[in-house]
Amino acid sequence: MFDFDATLPLMAIQFLVLVVLLDKLFYTPFGKTLDDRSEYVRSRRLTAQERLDSSKKLAEQYEAELVDVRKQGQSIVATAQAEAQQVASAEIAEAQQAAQRQREAAQQEIDKQKQSAMAALDGQVDQLSNQIVEKLLTAA
Amino acid sequence: MMMPNSLIFSNFLSLAELEVGRHFYWDLGGFSLHGQVFLTSWFVIGLLVIATVLAGRDRKQIPTGLQNFMEYVLEFIRNLAKNQLGEKEYRPWVPFIGTLFLFIFVSNWSGALIPWKFIELPEGELAAPTGDINTTVALALLVSLAYFYAGFKKRGLGYFSKYVEPTPILLPIAILEDFTKPLSLSFRLFGNILADELVVAVLVLLVPLFIPIPVMMLGLFTSAIQALVFATLAGAYIHEALEGHGDDDH
């Protein structure tokens, strides 16, 4: 069973030859393939990460711009509303003034007519009272 | 082969003798060789080389089929070496540890899966190369050389300081370790593979059909584990030689 002979050194040499052979055929080329691939994947991941970051930054920038624009729009709307409010209140005030003026004019007209009517009435009152007095006096 | 029950035990012994002791001797300039070991080891080496050549003919960025499989194998080996030697040191040792694993693994499984018995040899029989003590001792001695080489290359003569490093009292044990390491490596592998083949052979002899299958499955499992253990221990020994006791930086 424990039968040592020249098989031992020859087997050792044969094994070393196999190591060299497989190193040339297997470990070096396949290792290079594996390393190249992992390098490739790593670099691709890196660029993808960079692009993701830049796109995220862009999105943030756009978001900020959007906020700005929205704010601007709100302020425009607010100023327009204020202006419209101003215009409306000015016109309302004007209209109220005009109405006031017209009312005053009408009031004056009414007063004038009232006075003339009163004056006319005064004349008639005098006349009627004269007639009453005459009638009373003649009757008496 | 029919035999009375009382004869089984004696037949078992003669069977074990017959299985293990006989070799298909070759003569090479006065040195004798175990021919059957070389034949199967050439088969194993050829299988490995053909597989790598076929897989490596047209390597693509996105692997398919055999290339994918061989890349998986390489990643497995790299992880094995990395776990033992650490991220920094493992790369130059991948070919050695990886070839240890692949050679032992393919040897073990070829011994368990390929019906070598159908190929008649003048004497002895074809089996896993790792079931021969010469192969396992050769591999174990190579591991010893490898870790000595690693230690000397990394630390020069300072490598010897590890023998007296914590205390010189342990010097004999430290020296003894250099002998027990290859001894345990080679005998563990040899014993496991030979015992597995013997058990399967005996069971096949007793009950030719179906009964040996669970034992064969177990044999496949232990064969794979043995290959892993051998490669892992080789990595661990090399790591130990590289690290030393005191002057490491972790």
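Above this text sits the structure in question.
Residues numbered from 1 in each chain as written. Chains lettered and ligands numbered in written order. Predicted model: local features only at pLDDT ≥ 70, side-chain atom pairs only at ≥ 80, totals over all residues. Heavy atoms only, no water.

**Student:** How should I be thinking about the overall build of chain A in this particular structure?
**Tutor:** Secondary structure assignment for chain A yields one helix and zero strands. For chain A, the C-alpha radius of gyration of 58 Å lies well beyond 14 Å, the compact-globule estimate for 140 residues. By principal-axis analysis of the C-alpha atoms, chain A measures approximately 190 × 30 × 15 Å. Accessible surface computed for chain A: about 11300 Å², of which carbon and sulfur atoms make up 60%. Within chain A, one finds 16 positive and 21 negative side-chain charges whose respective centroids are separated by 5 Å. (Helix = DSSP H or I, 4+ residues; strand = E, 2+ residues; numbered from the N terminus. Rg over C-alpha atoms; globule rule 2.2 N^0.38 Å. Areas by Shrake-Rupley, 256 points an atom, 1.4 Å probe, with all protein chains shown as cover. Lys, Arg positive; Asp, Glu negative; His and termini not counted. Charge placed at Lys NZ, Arg CZ, Asp CG, Glu CD.)

**Student:** Explanation requested: the packing of aromatic side chains in the structure shown.
**Tutor:** Each aromatic ring pair is specified by the distance between its two centres and by the angle formed by the two planes. Residues and elements named next belong to chain B. Applying the stated criterion to the full structure yields 22 aromatic pairs over all chains. Pairing Phe152 with Phe160 gives two aromatic rings, centres 5.3 Å apart and planes at 65 degrees, and the pair type is edge-to-face. Centroid distance Tyr159 to Tyr163: 6.4 Å. Interplanar angle 80 degrees. Geometry classified as edge-to-face. Take Tyr159: its relative accessible area is 0%, and that puts it in the buried class. Through a chain of ring-to-ring contacts, three or more aromatic side chains come together here, namely Tyr147, Phe148, Phe152, Tyr159, Phe160, Tyr163 and Tyr237. The ring of Tyr163 is capped by Lys162, whose NZ or CZ atom sits 5.4 Å from the centre of that ring. Residue placement shows Lys181 over the ring face of Tyr147; its charged tip is 4.7 Å from the ring centre. (Phe/Tyr/Trp six-rings, centres within 6.5 Å; stacked < 30°, edge-to-face > 60°. Buried < 20%, exposed > 50% of the residue type's maximum accessible area, 1.4 Å probe, protein only. Lys NZ or Arg CZ within 6 Å of the ring centre and 35° of its normal.)

**Student:** What am I meant to see in a nonpolar patch on the surface here?
**Tutor:** Residues and elements named next belong to chain B. Together, Ile50, Leu54, Leu66, Phe69, Tyr72 and Phe76 make up a nonpolar patch on the protein surface, roughly 600 Å² of accessible area in all. Every element with two or more residues in the nonpolar patch is listed here: α2 (35–56) and α3 (65–85). Considering each element in turn, the nonpolar patch owes the most residues, four residues, to α3. Structurally, Phe76 is set in helix α3. (Patch = residues over 30% accessible without salt bridge, like charges linked within 9 Å, V, L, I, M, F, W, Y side chains within 5 Å. Salt bridge = Lys/Arg side-chain N within 4 Å of Asp/Glu carboxyl O.)

**Student:** When you look at the nonpolar core in this model, what are you seeing that I'm missing?
**Tutor:** Burial of nonpolar side chains together is a common tendency in soluble globular proteins. Judged by nonpolar contacts, the single largest core of 62 residues is most densely connected at Phe26 of chain A together with Trp93, Phe96, Ile97, Leu102, Phe230 and Ile238 of chain B. At the level of elements, α1 (7–139) of chain A together with α2, α3, α4 (94–113), α5 (133–155), α6 (171–206) and α7 (212–243) of chain B are the ones that each hand at least two residues to this core. Contact partners of Leu102 of chain B, with chain neighbours within four places excluded, come to Leu22, Phe26 and Tyr27 of chain A together with Leu48, Val73 and Ile77 of chain B. (Core = buried A, V, L, I, M, F, W, Y, C linked by side-chain atoms within 4.5 Å. Contact = heavy atoms within 4.5 Å.)

**Student:** Sorry, what's going on with the interface of chain A and chain B here?
**Tutor:** How large an interface is tends to be reported as the accessible area lost when its parts come together. The interface is formed by 30 residues belonging to chain A together with 51 residues belonging to chain B. Buried area between chain A and chain B, summed over both chains or domains, comes out near 3600 Å², and the portion from carbon and sulfur atoms is 74%. When the buried area of chain A at its contact with chain B is split by residue, Phe15, Tyr27 and Phe30 of chain A rank highest and sum to 18% of it. Inspection of the region where chain A meets chain B yields three salt bridges. For Arg91 of chain B, the salt bridge goes to Asp35 of chain A, with nearest N and O atoms at 3.2 Å. Linking chain A to chain B there are 12 residue pairs in polar contact (both at pLDDT 80 or more). Grouping the constituent residues of the side of chain A that touches chain B by class yields 21 nonpolar, four polar and five charged. (Buried area = accessible area lost by both parts, 1.4 Å probe. Polar contact = N/O pair within 3.5 Å; in protein donor to acceptor, adjacent residues only side chain to side chain. Nonpolar A, V, L, I, M, F, W, Y, C, P; charged D, E, K, R; others polar.)

**Student:** Is there a simple way to think about the side chain of Thr40 of chain B in this case?
**Tutor:** Residue and element names in this part refer to chain B. As for its placement among the helices and strands, Thr40 is situated in helix α2. Judged by its relative accessible area of 0%, Thr40 falls in the buried class. Among the polar contacts made by the side chain of Thr40, one reaches the main-chain carbonyl oxygen of Gln36 at a distance of 2.9 Å.

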